[in-house]
Amino acid sequence: QLDAGVQVESRPETASVGTSITVRNLFYNVPARRKFLKSDRVELKHIYEAFHRIALAYPHIQFELTSDRQKVFHLEPQSSRQRIAQILGKVYHERLVPVEEQTDPLALSGFIVKPEHARKTRGEQYLFVNGRFVKHYAIDRAITRVFQSLLPEGSVPGYFLFLEVAPEFIDINIHPTKTELKFEDEHTISAIVASAVKKSIGQFNLSSGINFDIDPELDALQYTPPTAP
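These numbers were taken from a predicted model, which means no experiment stands behind them.

A. Layout of the packing of helix H5 (residues 137-147) against helix H6 (residues 186-203). In contact at an axis separation of 9 Å, H5 and H6 are set at 30° when each is read in the N-to-C sense. Judged by the angle between their axes, H5 and H6 are roughly parallel. Crossing of H5 over H6 shows right-handed handedness. In contact with Ala138, Ile139, Ala142, Ile143, Val146 and Phe147 of H5, H6 contributes Glu186, Ile189, Ser190, Val193, Ala194, Val197, Lys198 and Ile201. Classifying every residue of the contact of H5 with H6 by side-chain character gives 11 nonpolar, 1 polar and 2 charged.

This is the structure:
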């Protein structure tokens, strides 16, 4: 047990397999920090979002979220598609289109949201790299360009994409929260993701107005793993 960062108690105790975290009276001893907290409703929304990111990254693990003694989520181990539907609603079973690509620099899997279900506001853009939720603006822009002619004006594409990249090709130490990263070759990674999304749009007949041949730009890319100095 920790109290204001100090361990006040530690003892063996019988418990089920897994991790349980309980937070109470946050910032009770830091008034300057506490006054910046928003309303309970807004802060709970932030907690939901953090919970969603972790639960989406690990669909094979069971998760529960309880707030004020009320169980908000109970997520059984499922596939990625089922976990998305568990969190956002059963209607997402029909809204998702699979994306899959395997190349030398990365392995890509996940889903895009069908254009007719795109939202006017952001919030359905989930990118995970090696099991960690991140924001990557070059990849987001590349996906947006692919969807540009398919979406109503002002709408943004939704996606749930999972990338596996060798750790030595990424740098996660560019932001304190570790929600941003840099790839060694961002242009190649972004082009591969955009090409995979475009291929899925074509395979599932989401549009007839796009040329789904391989991008000449992507075809010309030569990915060469770095050599040791």
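There's more to say after this.
B. Looking closely at the pattern of salt bridges. Under the definition given, this model contains 8 salt bridges. Of the charged contacts, one joins Glu9 and Arg11 as a salt bridge, the two residues approaching to 2.0 Å between their closest N and O atoms. Given a relative accessible area of 34%, Glu9 falls into the partly exposed group. Lys199 serves as the salt-bridge partner of Glu101, at 3.1 Å between the closest nitrogen and oxygen. With Glu101 in strand S5 (residues 96-102) and Lys199 in helix H6, this pair connects stretches of sequence that are 98 residues apart. Through salt bridges with shared partners, a single network forms among Glu9, Arg11 and Glu13.

C. Up close: the packing of aromatic side chains. On inspection of all chains with the given rule, the structure shows 8 aromatic pairs. Here the aromatic rings of Tyr126 and Phe133 are separated by 6.0 Å at their centres, their planes lie at 65°, and the arrangement is edge-to-face. Judged by its relative accessible area of 4%, Tyr126 falls in the buried class. On the accessibility criterion, Phe133 (11% relative accessible area) is buried. Put simply, the rings of Tyr126, Phe128, Phe133, Phe160 and Phe162 pair up and form one aromatic cluster.

About the cut-offs
- Residues numbered from 1 in each chain as written.
- Predicted model: local features only at pLDDT ≥ 70, side-chain atom pairs only at ≥ 80, totals over all residues.
- Heavy atoms only, no water.
- Axes fitted to C-alpha atoms, helices over the stretch in contact; angles between N-to-C directions.
- Helix = DSSP H or I, 4+ residues; strand = E, 2+ residues; numbered from the N terminus.
- Parallel < 35°, antiparallel > 145°, perpendicular 65-115°, else oblique.
- Left-handed = near helix turned anticlockwise from the far one by under 90°.
- Contact = heavy atoms within 4.5 Å.
- Nonpolar A, V, L, I, M, F, W, Y, C, P; charged D, E, K, R; others polar.
- Salt bridge = Lys/Arg side-chain N within 4 Å of Asp/Glu carboxyl O.
- Buried < 20%, exposed > 50% of the residue type's maximum accessible area, 1.4 Å probe, protein only.
- Phe/Tyr/Trp six-rings, centres within 6.5 Å; stacked < 30°, edge-to-face > 60°.

Just distances and angles here, no functional claims.
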